[in-house]
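Summary of the model geometry
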Amino acid sequence: MEDQGHIPAFFDVGLPPVSGEISELLEPYLRLEDHPLHSFRENVKSVRCPRNINSLLEVNSTQLPLTLKVKRHPATGQLLSYEEAETSSNVETPHNSLSLNRAPGRKTDGLKGCSANLPFWPGGFDEEKKLREATDKLGNLEVDRDEAELFHELFEKDLQKTPPGFQNGFDFSSTIPNKKIADKINEIKKELAANPVNFWDVKKTDVMDYEPSASKLAKQERQVKLLLKELDDDSFNPEDKKQEVSNVTSVLKISKTQSRNNPIIMPWAEEIDVTKPMFDFEQKVPNMAFKYPFELDTFQKQAIAKLEDHENVFVAAHTSAGKTVVAEYAIALSCRHMTRTVYTSPIKALSNQKFRDFKNQFESVGLVTGDVQINPGASCLIMTTEILRSMLYNGSDVIRDLEWVIFDEIHYLNNEERGHVWEEVLIMLPQHISIIMLSATVPNALQFANWVGEIKKKKIYVITTLKRPVPLEHYLYTGSGGKTRNEIFRILSGEGKFEKRGYDEAIEAKRSRQKSHEKQYGPKGGRNFMSEAAEKTTYIGLVSYLKDNDKLPVVIFTFSRKRCDQYAQMLRSTDLCTATQKSEIHSFFMKSIARLKGSDRELPQVLTVQEMLKCGIGVHHSGILPILKEVVEMLFQRGLVKLLFATETFAMGVNMPARTVVFDSTRKHDGMSFRNLNPAEYIQMAGRAGRRGLDTTGTVILLCKQNVPDSRDLQDMMLGKAAKLESQFRLTYSMILNLLRVESLSVEDVMKRSFLEAGSRNQNVDETKKKLVTVRNKVGELEWDSEVEERDPGLIRFYRQAKECITLQDSLVPFMKSHTRGGTLCIGRCVIFQRLPKYTTRFGVILDMHPPRSMCPDRLIILTLTSVVDHMPLNQRGLQVSGCEYANLLVEPPYEILDKIFLRFLYLCHNAICEFEPLLNEFDYFSHDIVEVEFAEILDVTNVILRVDTSIIMNDVRRRQADRFRREKPCPNLDAVLGSLVQMHSRPMEVMLLPPNQFLLPTKDLNLIQEVLRYQDCKADLKHHNVWSRWGDMNTFLSKFREVFCYMRLQDMEEYLDFLLSPRSLRLHEEYESRINVLKKLKYIDDENLVQLKGRVACEMGNQNELMVTEMVLNNVLADAPPEEVAALLSCMVFEVKSAEEPTFQQAIGLKERVETVKKIARNIGEIQRECGMKEPVEQFVEQFKFGLAEVVHEWARGKEFSEIMKLTDVQEGLIVRTIQRLDEMIRDVKDAARIIGDPSLKRKMEEASECIKRDIVFAASLYTQ
């Protein structure tokens, strides 16, 4: 081997020029007398580079055009063969591709992925995916064409075709690829033009293109082969056998979409019949992935059979029916298949509980929450739905390995604040992931499953239970301790029959005791509440009854955290535990809090809960410390807590049934007002009664502290249907920014697939397209019709102004409906209305609403005058437009609706209020009638209110409709009202309309006030112009305007149909446009909707006030603040208690100034939102950031003990802990944002802030994870 210092002989040209020695170059710079710092020639000298002559002989290998790919059996994974595949020239990475075949992400991205990654292709986006692939292919071909043309221009122009001495040459034209490339480009363009992707085409459900999975077909093939092996081999030719297998497999493939017993009701959902036993379960599932020590119910067997076929299921079962069995089996299947499963829960507490339960059954189980990651590489991962959504948007590599996603308690989709997360996740799940949804019983399970199946292009099998495994009996408890402690009455049997006898007995018992009390002590004086002593006596009597009748353990639902604590304190003298149980409780409690530091063990709440637990009494609500709640839950499951006071959240998913459930009240405050419990809330809480395998029936008791609830209210609550699954889909800045990062997806693509748009999906797109073409052709005919005179521009202008006025009037209908009692449309109010085809514009008096006593009625009952003209057809009066030859294009049948709209326009064409002329009938009194009128038919409201006796007038009119009473005169009250109406019709111009300030008296809504004022101004302007007077008489005007009206309605229909086929028809599209404008104005995106640096920072913030935190970071609000003040400022993003008072910050003046800066930023964002069309008021946006815990967090970050910070606020301990835990998640998001903007000092400060707050009892580990 040659020495590297030796110069090979073949380099006869010498060495390449190199620079001199380093010491010689540096010497001039070291002498100050002639420092060449500004010498250009000295600064551009090259630096000596290392010599490596052998590198000139090395050649880097190029990428091979082909690669080998493994071909495996879809079911068993057995290696079948190898095949060559082209190597893509563009390397697919998480930053440029949505494909599952892209390169893995960085290891540092972790389980949750990275915000710079793109998500994987969502399932059901086939049309968008095909369009994207075709567009990419077209773009690549155009680049190839341009390169080929450039190469030809540079190197292949004027080529010599015939070599010297040859007679024939070579034709180079065939080697030029331009023509081939051009042909391919034209072919793709033609295909795209022939099959355009309409916005709503993806929603068509007329034909269901459903194919079973490959693994399912392989399993069917194996079953067929086993069946054939059982037959005589000699009777089959091998070729025939092969053909037979193919035929049977194809038959099976078809038959899976057609059930003989259960015909498909909806294209993408099929309900499984669970009324018949499944006798062939063992044949269908011979080798179960998970063995159960008990006999499975029919619905569980049906679900497991579908999971074995790798189908998607929606199990809607009663509480305690055993839905978890389905989830367990899916986890076992993924373990067998060596894939992964994600189990999502609505709340963190349920995630912790499920982690403990599954950990006892499976080896590989992990938990992922905001602050904890346990075994993230496990086969089964338990997490909240928000974390799964983040993983989907951030393109986590875990998504590749998922076989199942289990949505537990999917009825949480109805939650107003968080329900939209479930819809986002369902939409964004990739195609290869199968879906399992578990829910309580819901009435629209099929509709919801059909929506999921439609957007994912998968069949969803719906499996429901028919009844509870443990029936419930419902009672009224009217006792008040002492002799009446056993006073309880059954009002609803286990079969669901309401028992009137029990209800009457409860009424009588309560009434007799009240009479006895009044006789002894006098009347109560109208008090509608019980004293503390009376409540204590009642509860002591109730607990004594439950204990004597073996009805413990019991959960008492109380709709107030404060009352939960008060009632538990009342009963501290009640002892429900034996000495052995007390010892066990004490041992478990001390062991559980052993990990807490000394001062935290002495907290008042810890000591109080410890004393109550020794008596068998527990408390469970959000104000309790998390570790104490877990202690209570575990002791309750062991049967050591016999009496539990809990709020409504205890019933949301936490699986802890009791023998008895007691309702402290049937009324709750929902944040706006007190109301009765709705059926869904009652069913959810009452369902905790009855333990399967332990109780034959569950007991539900309603306390009647004062009065017995109304019978109708009780029946509505107990026998009413459960709440339907309803969309809570809403737009957030986080979702918009995450989708704008992805060029291949759009926000509209996600919006149109939401459950909110499920109704729009049922529209027939093809019919709408055909009608649009017909309408456009008709508009063209009318525009070029030479026989029709030119339409008057003034009438066209009047039509457009009147249309705007009518639209404004229609928008006020909801307001008018809600202000009928003592408001704008009260009884006795005189209004102007029309009710076609009989009643044209005239005055009327409101007598009542329909339905009666409704707070939001549908129609008004009005007394009005009539005339002989009313019986004339509209065409004879010149008021009909429904006879137009193309009326079928203007409105949907019935076409008489067109006449109603026409007369509403006519009311605005003249300055007269009313032109109706009442006439006396043959009995010498004015004819009148009572008519039901819709709110949209009220044209105007006068300031006249007449005194009317509704019942007398309506009875009198009804009586005189009989022939024998027709001649009688109206009663005095009715006669007076008719006289007033006649007088108003005789001098209509003197009737004063209701002024806008009185119309708006019941409201303080600024948006509504602006709408009303716009409507009043628009109407006044139209009537002032008196358009019809230009034409001399009304008949001429009607003739001209009728033609203009029909033509303009046709144009409106064209716009409407075009609107239906466009993204603008999305219900949230207006809000989407407003939010896009906000993001542009704040520079989160540019004019081309490309995400900028601020937008990337906002993507790191999850879904928690992303704009506010981003503005705080980039405006350097946090840059010069110490870590403890940073934590205090960010606490306003996660603190949600409304009643907490804002601190004065006397000890932290700098913090107070920064709080004002944060409020100023919030006000600026709120004002920009209003400017861009968002409806949220500025002050409402600012007030959502609450600093009620800022001082507490500040002192906690400074190192104070938890007992000391509790003295600074009246907020309960559990809420403080929850706020600080969420604050730590927010701080981690800001730390990630600091990494993106390249601010290491801010990143270190966030780490310090996290370390300051992450200590002691606030971050004590969950007992479920130990």
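Residues numbered from 1 in each chain as written. Predicted model: local features only at pLDDT ≥ 70, side-chain atom pairs only at ≥ 80, totals over all residues. Heavy atoms only, no water.

1. Considering the overall build of the protein chain
- Regarding its fold elements, the protein chain presents 45 helices and 25 strands.
- Looking at the protein chain residue by residue over its 1266 residues, the buried ones come to 49%.
- If you take every contact in the protein chain between residues at least 6 apart in sequence, the share linking residues at least 24 apart comes to 74%.
- Total accessible area on the protein chain is roughly 64,400 Å²; 51% of this is exposed by carbon and sulfur atoms. (Helix = DSSP H or I, 4+ residues; strand = E, 2+ residues; numbered from the N terminus. Buried < 20%, exposed > 50% of the residue type's maximum accessible area, 1.4 Å probe, protein only. Contact = heavy atoms within 4.5 Å. Areas by Shrake-Rupley, 256 points an atom, 1.4 Å probe, with all protein chains shown as cover.)

2. Re the sheet that holds strand E22 (residues 839-850)
- As summarised here, the arrangement of the five strands in space is E24-E23-E22-E21-E25, forming an open sheet in which the pairing is antiparallel. Looking at strand neighbours, the two that pair on one side only are strand E24 (928-934) and strand E25 (938-945), the edges of this open sheet. Each strand of the sheet is rotated relative to its neighbour by a mean of 40°, with strand direction disregarded.
- As defined by bridge partners, E22 adjoins strand E23 (residues 859-865) across six bridges and the pair is classed as antiparallel. Across the sheet, residue His 850 finds its bridge partner in E23, namely Arg 859. (Pairing = 2+ DSSP bridges. Axes fitted to C-alpha atoms, helices over the stretch in contact; angles between N-to-C directions.)

3. Quick word on helix H42 (residues 1190-1197)
- For H42, the buried fraction is high: eight of the eight residues fall into the buried class.
- Those residues of H42 that fall on the buried side of the exposure criterion are Ala 1190, Glu 1191, Val 1192, Val 1193, His 1194, Glu 1195, Trp 1196 and Ala 1197.
- Its buried side turned inward, H42 meets helix H39 (1123-1130), helix H40 (1149-1171), helix H43 (1202-1205), helix H44 (1213-1237) and helix H45 (1240-1253).

4. Focus on the packing of aromatic side chains
- Overall, the coordinates contain 29 aromatic pairs when judged by the stated rule.
- When the centroid spacing of 6.2 Å and the interplanar angle of 85° are considered together, the rings of Phe 636 and Phe 650 count as edge-to-face. Of the two residues, Phe 636 sits in helix H21 (residues 626-637) while Phe 650 sits in the loop between strand E16 (643-646) and strand E17 (660-663), which places them 14 residues apart along the sequence. A single burial state applies to Phe 636 and to Phe 650, both of which are buried.
- Centroid distance Tyr 799 to Phe 1045: 6.1 Å. Interplanar angle 70°. Geometry classified as edge-to-face. (Phe/Tyr/Trp six-rings, centres within 6.5 Å; stacked < 30°, edge-to-face > 60°.)

5. Description of the packing of helix H38 (residues 1106-1114) against H40
- Remark: H38 packs on H40, axes separated minimally by 10 Å, with the N-to-C direction vectors making an angle of 125°. One finds that H38 runs oblique with respect to H40. Here the hand of the crossing between H38 and H40 comes out right-handed. Contacts between H38 and H40 involve Leu 1107, Met 1108, Glu 1111 and Met 1112 from the former and Val 1158, Ile 1161, Ala 1162 and Ile 1165 from the latter.
- Classifying every residue of the contact of H38 with H40 by side-chain character gives seven nonpolar, no polar and one charged. (Parallel < 35°, antiparallel > 145°, perpendicular 65-115°, else oblique. Left-handed = near helix turned anticlockwise from the far one by under 90°. Nonpolar A, V, L, I, M, F, W, Y, C, P; charged D, E, K, R; others polar.)

6. Quick look at the side chain of Asn 117
- One can find Asn 117 in the loop between strand E2 (79-86) and helix H3 (126-155).
- In terms of polar contacts, Asn 117 uses its side chain to reach the backbone carbonyl oxygen of Asn 394, at 3.3 Å.
- What Asn 117 contacts, discounting residues up to four positions off in sequence, is Pro 94, His 95, Asp 109, Tyr 393, Asn 394, Gly 395 and Arg 741. (Polar contact = N/O pair within 3.5 Å; in protein donor to acceptor, adjacent residues only side chain to side chain.)

7. Re the environment of Leu 725
- Summarising the element assignment, Leu 725 is placed in the loop between helix H23 (711-719) and helix H24 (733-740).
- Put simply, Leu 725 and Asn 444 are 281 residues apart on the chain and 6.6 Å apart in space, counted from C-alpha to C-alpha.
- Excluding residues within four positions of it along the chain, Leu 725 makes contact with Phe 314, Ile 410, His 411, Asn 414, Val 442, Asn 444, Phe 448 and Phe 755.

8. With respect to the confidence of the model for the protein chain
- Of all residues in the protein chain, 80% attain a pLDDT of 70 or more, and the chain-wide mean is 80.
- Below pLDDT 50 for its whole length, residues 203-264 participates in 67 contacts with residues either more than four positions away or in separate chains. (pLDDT = per-residue confidence, 0-100.)

9. Here's the deal with the sheet that holds strand E7 (residues 373-374)
- Strand order in the open sheet formed by nine strands is E3-E11-E4-E10-E9-E5-E8-E6-E7, and the pairing between neighbours is mixed. For this open sheet the edge positions go to strand E3 (269-271) and E7, each flanked by a neighbour on one side alone.
- Alignment of strand E4 (residues 312-316) against strand E10 (residues 434-439), held across four bridges, turns out to be parallel. When the sheet's bridge partners are listed, Ala 316 is paired in E10 with Ser 439.
- Across the sheet, helix H8 (residues 298-308) touches E4, strand E9 (402-407), E10 and strand E11 (460-464), and the angle it forms with E4 is around 165°.
- Relative to the sheet, helix H9 (residues 324-337) contacts E4, strand E5 (340-345), strand E8 (380-384), E9 and E10, its axis offset from that of E9 by approximately 170°.

10. Here's the deal with the packing of H39 against H42
- Following both chains from N to C, one finds H39 and H42 inclined at 150°, their axes separated by 8 Å at the closest point. For the element pair H39 / H42, the angle class is roughly antiparallel. The element H39 and its partner H42 pack so that their crossing is right-handed. Note on element contacts: H42 touches H39 through Ala 1190, Val 1193, His 1194 and Ala 1197, opposite Glu 1124, Glu 1125, Ala 1127 and Ala 1128.

11. A closer look at the nonpolar core
- Phe 314, Phe 448 and Phe 1202 are the most contacted members of the largest nonpolar core, which has 220 residues in total.
- Once residues lying within four places of it in the same chain are set aside, the contact partners of Phe 448 are Phe 314, Ile 410, Leu 413, Leu 426, Met 437, Leu 725 and Phe 755.
- One finds Val 845, Leu 847, Ile 938 and Leu 1061 within the second-largest nonpolar core, a separate group that totals 92 residues. (Core = buried A, V, L, I, M, F, W, Y, C linked by side-chain atoms within 4.5 Å.)

12. Let's talk about empty space enclosed by the protein
- Within this structure, the stated rule accounts for three cavities of 30 Å³ or more.
- Empty space within the largest cavity amounts to approximately 50 Å³.
- Cys 805, Ile 806, Gln 809, Arg 904, Tyr 907, Leu 908, Leu 939, Tyr 1015 and Lys 1019 together form the lining of the largest cavity.
- Secondary structure elements with two or more residues in the lining of the largest cavity: helix H27 (793-811), helix H30 (896-907) and helix H34 (1006-1025).
- Considered class by class, the residues forming the lining of the largest cavity number six nonpolar, one polar and two charged. (1 Å grid on protein atoms, 1.4 Å probe; cavity = no way out; pocket = protein on both sides within 12 Å on 5 of 7 lines; lining within 4 Å. Points joined across faces, edges and corners; volume = space filled by probe spheres on them.)

13. Brief notes about a nonpolar patch on the surface
- Side chains of Leu 68, Val 70, Leu 79 and Tyr 82 sit close together on the surface and give an oily, nonpolar patch of about 410 Å² of accessible area.
- Of all elements in the fold, only strand E1 (66-72) and E2 reach the threshold of two or more residues within the nonpolar patch.
- With respect to the helices, strands and loops of the structure, Leu 68 is situated in strand E1.
- A residue is classified by how much of its surface remains accessible, and Leu 68, at 59% relative accessible area, is exposed. (Patch = residues over 30% accessible without salt bridge, like charges linked within 9 Å, V, L, I, M, F, W, Y side chains within 5 Å. Salt bridge = Lys/Arg side-chain N within 4 Å of Asp/Glu carboxyl O.)

14. Considerations on the pairing of strand E12 (residues 472-477)
- For E12, the buried fraction is high: six of the six residues fall into the buried class.
- Of the two faces of E12, the one carrying Leu 472, His 474 and Leu 476 and the one carrying Glu 473, Tyr 475 and Tyr 477 are both buried.
- For E12 and strand E20 (residues 698-703), the ladder comprises six bridges, and the chain directions are parallel. Bridge pairing in E20 places Leu 472 opposite Gly 698.
- Pairing between E12 and strand E13 (residues 488-492): four bridges, direction antiparallel. Along E13, the bridge assignment pairs Leu 476 with Phe 489.

15. Thoughts on unusual backbone geometry
- Residue Leu 552 is joined to Pro 553 through a cis peptide bond whose omega torsion reads 0°.
- Secondary-structure assignment places Pro 553 in the loop between helix H16 (532-548) and strand E14 (554-557).
- Its identity as a non-glycine residue notwithstanding, Met 338 has a phi of 60°, on the positive side.
- Positive phi values are uncommon outside glycine, yet Asn 1026 reaches one of about 50°.
- Mapped onto the elements of the fold, Asn 1026 is located in the loop between H34 and helix H35 (1034-1060).
- Judged by its relative accessible area of 14%, Asn 1026 is buried.

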